[in-house]
Amino acid sequence: MQYHNMQAKAELDAVEPVLQAAIQSLDQLNKTDISEVRVYNNPPVLVLKVMSAVCCLLQKTPNWPTAKLLLGDPGFVDQLVALDSNQLPDKVFKNLEKYTKSVDFTPEKVKKVSLACMSICNWVIAMERHYRVIKMVEPKQARVQEAKEALALAEKNLQRKQKSLKLIQDHMKLLQDAYEGMVQKVENLKHEKVLSQDRISRASLLTDALAGEKDRWITSIAEFEHLLNFVAGDALVCAACVAFNGAFNASLRDELTSKYKEACLQNGQAVNWISQMAGNKLRKTKLNDPNMMRTLENALRVGDPILVEGFLEEVDPGLTPILLKQTATVGGQEVVTLGDREVEFNEHFMLYMVTSTANPHYLPTVCIKVNLVNFMVTFDGLQDQLLSTVVQQEKPTLEQKKRENFESLARDTETIRELQRKSLRLLQSSEGHLLDQEDLIETLRQSKIVSAEIKERIEISKVTAENIQNVRDQYLPVAKRAAVLYFVLADLSQIDVMYQFSLPWFQNIFQRSIDSSSLIPEASPNSTADENDKEKLSRLLEAMNNRLTNNVFKVVSQAIFSEDLLLFSFHIYTSIERASGCISSEEWNVFLHTDALADLAEANKTPESSIKPIPYWRLEKIVDSVSGKSPFHWLSAVAWKQCQYMSGALEVFHSLNRYIIANPHQWVKFGEDPNPFEVLGTQPLVEEDSTASLVDLGDADEHEAAAFDWLTLTDFQKLILVKVLRPDAFIPAVRHCVTGQMGPQYVAGVQLDMKELFHQATHYTPLIFLLSPGSDPVAQLMKFAIEERGQLHAQTSGTGRRVFEANADVDPNFRLWLSSKPNASFPIPILQQGLKMTIENPQGIKGALGRIFGTGSTAIIGETLWDQKSDIPGSPWKKLLYSLCLFNCVVVERKKFGALGWNIPYEFTQNDLDVAILQLDTFLGGCNSTDLIPWHALLYMTGELVYGGRVTDDFDRKCLATSLRNFYHAGIFEPNFSFTSDGVYRLPSDDELSLPGVRKLIEELPADDFPEIFGMHANAQKSFQIMGCLSLVDQMKTLQPRISSGTLSAGQSDESVVLGMVTDMLFRIPEVVELQTTTSTGDRQARKNSSPKDGPVFPSTMTALAKFVNDWKSQSQQQHFSKKSTGNMESVAKISQSALVTCLRQEIDRFNRLLFVIRSTLKATQLAIQGIQVMSDELEEAFNALIQQKVPKLWKAVAYESCANVSVWVSDLCLRVEFMSTWSELVLNGAMSVYNSTNTEIQSSSINPRSFWLPAFFFPQGFVTSVLQHHARESKVSIDSLSLTFYVTENPGTVGDVKAQVLEVNGRIETGVLIFGLFIDGASWNAANKALEDLPPGVRFSQLPELHLVPVQESRDSVRSPVDKSSRCSPLYSCPLYRTPLRTGSMSSTGHSTNFVMTIDIPIEGYTPDYWISRGTALLCQTN
């Protein structure tokens, strides 16, 4: 059925398009086409056939008339289109066949006759074909219809059968479900049986697996619940650690973290760590790289991390937008502005900035932009690294085993942690019944087994690690010594920025020094094998330490200047001793800060204070406890105070002060011996009655030894004793101590060996000359280059540095030599990588002369120059030349005496000597007699031009000229002439005038210079030695952190000590000079009771007095004054406008400003310590200065010049303020007395002190000018015609009760002024002879009696008048007066130093002025 249906449909579908095409052809016919056919009266045959076929189909008579009628019908075409072939009878098509079967009845042939008929022909043919197809399809359609009817009947029957079948199937399903339910029930029971059995088994396994976890979990839960209570505090501590702790090392981080909790309740290592952490994406650049910003921008865009090296203590402002993440959104993209460019900002970008500066100080503005992390190598970390290095060399298998054991231990520990985490994770994520989790239970079971195995391995590993560490610890002394030495080297950069040494360089030296192949010690023949091994190891470690220390010292000693060599050796010694515990922290702090600690203890000597100078109250029977008077002349008051503090601060020196007083014989030898350190190694002497004296002091039993047992002291304790009691012998004591503990090579230094350094260096290691003033390595380097047969290419850089290239081709023999003076801008990486060597002139006269007359390349005088005038009989050339060279050495070495030598240290160079020699040669010419020598020209050219051209201070120029006269005079040619009384420094005799003879003479000179050759007193040598002691200790202080908390006493921190000092200073220091309470009660009442009708109330301050007078002078204000008052106001105005009173007013203004700054700083520091105010940089500096007993910089900026520590400075300030206040009170009372008196005459003595304390003035030069101006006004003469004459009185010049000295009535003078408080530096005053004389041994300063300053007028004939003290007939020494012992200062408009006050003529007896000029004698306003 389906086939027939589809076949019929296909046949119909095939004929249907033909019919439709024919109909479309008909639709295209128009009236014109039809009319064209219709007009035929006798149509063509084919036209007639076509139209007859149409008539047949339309069931019309098939003829032309009928056809024409049809063609004339307007609906002809529509009639054809609408004709249905299915409705036509069969006969119509049968009749049609006679036309269509004609051979000519085709559209193609009809087309040739008529186009319109062609369309009609197509239609006719299509209608016929359609009819025939219909006839063929009709039987098939009939059969299809019959089949459909049969199918419908069959489907009905099928539906009935299916309904019956469904009923049967539903019944069967019910039976099947019932069966399956019973079967499933049986299976479930079987499964529950097996599951129950498995759960019982798993429960047993789980119980066993978790048996050990229960206690741990209970403990962990309790611990976590406890920690939950501290989440907020821990978060705060973490934030504090991230924000602040990064800048500190590991130990300080731990300490700070502990403090946070209490309050709530490496070079190059950073780069390596960052490189490992960031991986291959890390970009590296340097701050000075010209492409740095471009590299930074690229990393910023793509989000790569970047590391920038070379930062100092400032950050380029151009990086601020990145550091603060100042981003903006442009076009949906985050950008940051760098300069004038907008750069895309990637959120993954990381910036690391690295600095190699040791202990940098960053401002808060930098700290808030970055996170600081301190990667400086720590002592423990470095020690462990070096220990691994030495063990790797000595016990390679042991070190490998340690590493493997460590890795195994770490892996096992991590495995246990991972198993514990996995168990907890499975327990947390488990669903359903716990006993059904087979993976969990199996994991727990395996964890139990593995944990047991791992724990066992861990215990074994710990034991193994402990055994390995015990073996490694045997080599710990070497690593510890190496770490100590490295940190000693790291500290040296604080002394000189050129002293830079890198960690890789040090590790290289360490590696070479511990090579044990050449350090195999010999075993003892009488010991067992085990003892032998221990002894061999001990000797090996000692040999390693000695070689390492020696190698480091040998290299570094060539890289530092000779003046720092002893400091370096001493630093090594003390660091080794401190690391080994031989020097306690208490001893070390007392050694460094004895002066500051003693002053702090004295400032806090209250009954309730824990800091007491204990000896003060015990010594009342023998020593003045108030003045602190020393029991010996060689023991200064400062040293005695430090001794008393030391007696109470260190147990080893307990009661030392009592022993000193009880047994003076023991200590006299100590004080007078030139080497007291050796005296401390001898048996102390005991006086017969010293034991009784000791008992009388109290706190001692009768059986206590009377002598202090210094034999029990360690070497360092002896050094402390020498430093405090005999600072002049401290430097020799240090040399002796270092020599005894380490060896003589550590104080002698190492001779520079260019050849050795050349071979130590490589073609990529620069060799750097560190130059001292006047030194030049060119000659030595040229000589070395010639010896090595190499080429030397020299180039000078724009900064004054020079570059020498030896063998410029880059090959293994290439070397780069650099030279530079110490310069902070020198690249640190080059300094750290290079081999450094210092080039400096020899120290001392012997060394300097040896260099001048030497045989090496640095010699100045050779055979040719020395013998150039040998052909002239009687030529003075050689002796004068030697004398000139000796003079050169004297002026160069004189600066070591400090201010006694030169007011300003000058750097005389070899060029000065060369020019002086040239001038000597020129002036002598062919001179053959000493009588022909032009002394005046030589003295002027050499002293004033050659050497004097460098001298800027007038008194230094006088000293230089005086020294030159000692070497350029006719007396040097006398037989047996010597420059010193002992004959040591002399000219070569006639037999020694050969160059070898001169060299032999120089070799006989002492290594230490005698002060006499400089024209100085023996005390100058002591001053030089004391300065060396202070300098060495100060340099050691710079290598240490400031005094740590708790150093001063138990339970007291730095903050509490400073807070106590601040409170005391605020109490002692007044707010202003002139308080309202300065005047007497009667005077204050007189001012208060002044009647308004008599005029305004009289002022109570100097400033108010000046305003009071100015108001009176104003015409608009005179009406307020009565006639009486007006008469006296002229006298008051005269007082106010007095030159001395004006000077007083200016001084008071200066003091008031200083007092304001001091009190403001103290109050701010007080608030900062209490946490109320931010501790700024200025306040931090003030805090550190106070704890170190120094004057803060803020105070110095507005204060007078002073060298005193802060305790003495504050006491001195209070005395100065009291002097000014008393003088002010005297002036105001005198002015008010005149104002209220009928007598208008003014007595100058009534408003001025009897004697003026000149050192009390800010500007003493101004006071001297005021004295002259006051006298000029009184005498009505020009001030330019006045000068001062000085007379030393018999009154003592000491400063006692300042107020009493000011108000003293007796002894007042009418002309000039009296001044007191001056000191003599380098001489003393002989009251009997009324002249200067030399000081006793061991003393530098003495007090000058009261001095009378008399202004005198210079007449035209240069005769002074009018004061007659003509008894003065001795010569005068024009002695300069300075404000401080430093003597140096900035240049003022007068051409003198700001430290210079004036020149005072002082009588001298038996000496020439040159004698005192050479000694550097001067007057001082204060001592140090």
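Each value, and the rule that gives it
Residues numbered from 1 in each chain as written. Predicted model: local features only at pLDDT ≥ 70, side-chain atom pairs only at ≥ 80, totals over all residues. Heavy atoms only, no water. Helix = DSSP H or I, 4+ residues; strand = E, 2+ residues; numbered from the N terminus. Polar contact = N/O pair within 3.5 Å; in protein donor to acceptor, adjacent residues only side chain to side chain. Contact = heavy atoms within 4.5 Å. Pairing = 2+ DSSP bridges. Axes fitted to C-alpha atoms, helices over the stretch in contact; angles between N-to-C directions. Buried < 20%, exposed > 50% of the residue type's maximum accessible area, 1.4 Å probe, protein only.

Enquirer: Help me out: how do you make sense of the side chain of asparagine 903 in this one?
Expert: Looking at the secondary structure, you find asparagine 903 in the loop between α37 (877–893) and α38 (910–924). Of the polar contacts made by the side chain of asparagine 903, one reaches the side chain of aspartate 953; its length is 3.1 Å. Here the side chain of asparagine 903 touches tyrosine 1378 through a polar contact of 2.6 Å, side chain to side chain. With sequence-adjacent residues up to four places away left out, asparagine 903 is seen in contact with Asp953, Phe955, Asp956, Tyr1378, Leu1382, Arg1383 and Thr1384.

Enquirer: Would you mind showing me how to read the sheet that holds strand β3 (residues 327–330) here?
Expert: Backbone-to-backbone hydrogen bonds pair the strands of a sheet. The strands run either parallel or antiparallel. Pairing in this open sheet of three strands is antiparallel, and the strands run β3-β4-β5 from one edge to the other. A single partner strand is all that each edge strand has here, and the edge strands are β3 and β5 (341–344). Averaged over all pairs of adjacent strands, the angle between strand axes in this sheet comes to 45°, irrespective of strand direction. Where helix α13 (residues 292–302) meets the sheet, its contacts fall on β4 (333–338) and β5, and the angle it forms with β5 comes to roughly 45°.

Enquirer: Please explain unusual backbone geometry as it appears in this structure.
Expert: Peptide bonds are, in most cases, trans, and in most cases residues other than glycine have a negative phi. The phi dihedral of glutamine 1189 falls on the positive side, at around 60°, and the residue is not glycine. Among the residues examined, glutamine 1189 registers a relative accessible area of 4% and is labelled buried. Of note, the phi angle at lysine 1330 is positive, near 55°, even though the residue is not glycine. Relative to the elements of secondary structure, lysine 1330 occurs in the loop between β16 (1324–1326) and β17 (1331–1333).

Enquirer: Looking at this structure, I do not really get the pairing of strand β21 (residues 1372–1378). What am I missing?
Expert: Across a regular strand the side chains alternate sides, sitting on one face of the sheet and then on the other. In terms of burial, β21 is largely enclosed, as five of its seven residues are buried. Alignment of β21 against strand β22 (residues 1396–1403), held across seven bridges, turns out to be antiparallel. Residue pairing for β22: tyrosine 1373 is matched across the bridge by isoleucine 1402. Taken together, the two bridges between β21 and strand β23 (residues 1418–1420) define a ladder with parallel strand orientation. Paired with tyrosine 1378 across the two strands is leucine 1420, which belongs to β23.

These values are about where atoms sit, not about what they do.
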